[in-house]
Amino acid sequence: APWLERHRASMAQELQAPSTGPRISLVTPVYRTPPDFLEAMLSSVEAQTYVCWELVLVNASPDDEGVASVLAAHSDPRIVVVDHPQNDGIAGNTNVGIAAATGDYVAFLDHDDFLEPYALAAIARAVNDDPAVDLLYCDEDTYDGERFKIPLFKPPLNWDFLHSNNYVIHLLTVSRRALEATE
């Protein structure tokens, strides 16, 4: 906990949000998400220091009153809800979100994840430093409701390691041009 607080303070100072940069679309499949998880995720996105984003929520449980209640409480115009009549699973629902996303970069955010306030600023700064970058990933941690407990500090790109271990995992961000090249 003390390390985390020191790190958060230094990162907040180091990662001032750029005033210009790419539009980042966060794509999040939502299916019967517990309301407190959904609220935490939405609030963490709305609290981002970088403002050029959209959050595309693919709601595959439009009949879930808890989900509907949380979504109704968030009126930020950057939040786009796509009601999807059936649950096509994470991959299928994510593809629906990618099709609706309008950003230069698409980041994948789970419905029970939340972001540090400077997460999108870090992505935007990396893209501004190298506009040719097609894939970005970051460190992550597991939160159990009381504390962070499984930090994953990820190495720089290492092809041998990547071929044997998926270490990009959460908040993977991909350029629109790379996504279009895979269609």
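Keep in mind that what you see is a predicted model, and the values were worked out from it rather than measured. (Residues numbered from 1 in each chain as written. Predicted model: local features only at pLDDT ≥ 70, side-chain atom pairs only at ≥ 80, totals over all residues. Heavy atoms only, no water.)

Peer 1: What exactly am I supposed to notice about the packing of aromatic side chains here?
Peer 2: The description of an aromatic ring pair uses the distance of the two centres, along with the angle that the planes make with each other. In this structure the tally under the stated criterion is three aromatic pairs. Look at Tyr 137 and Tyr 167: their rings are 5.5 Å apart centre to centre, the planes differ by 75°, and that puts the pair in the edge-to-face class. Of the two residues, Tyr 137 is situated in the loop between strand 5 (135-136) and helix 6 (159-164) and Tyr 167 in the loop between helix 6 and strand 6 (173-175); the sequence distance between them amounts to 30 residues. Between Phe 161 and Tyr 167 the ring centres are 4.9 Å apart and the planes differ by 20°, which places this aromatic pair in the stacked class. Using a relative accessible area of 5% as the deciding quantity, one classes Tyr 167 as buried. (Phe/Tyr/Trp six-rings, centres within 6.5 Å; stacked < 30°, edge-to-face > 60°. Helix = DSSP H or I, 4+ residues; strand = E, 2+ residues; numbered from the N terminus. Buried < 20%, exposed > 50% of the residue type's maximum accessible area, 1.4 Å probe, protein only.)

Peer 1: Teacher, can you tell me more about the side chain of Ser 61 here?
Peer 2: With respect to the secondary-structure elements, Ser 61 resides in the loop between strand 2 (53-59) and helix 3 (65-72). Separated by 2.9 Å, the side chain of Ser 61 and the backbone nitrogen of Arg 32 make a polar contact. Excluding residues that lie within four positions of it along the chain, Ser 61 makes contacts with Val 30, Tyr 31, Arg 32 and Val 67. (Polar contact = N/O pair within 3.5 Å; in protein donor to acceptor, adjacent residues only side chain to side chain. Contact = heavy atoms within 4.5 Å.)

Peer 1: Explain the side chain of Glu 54 to me, please; I cannot follow it from the model alone.
Peer 2: Mapped onto the elements of the fold, Glu 54 is located in strand 2. For Glu 54, a relative accessible area of 3% gives the class buried. Here the side chain of Glu 54 touches Thr 102 through a polar contact of 2.5 Å, landing on its backbone nitrogen.

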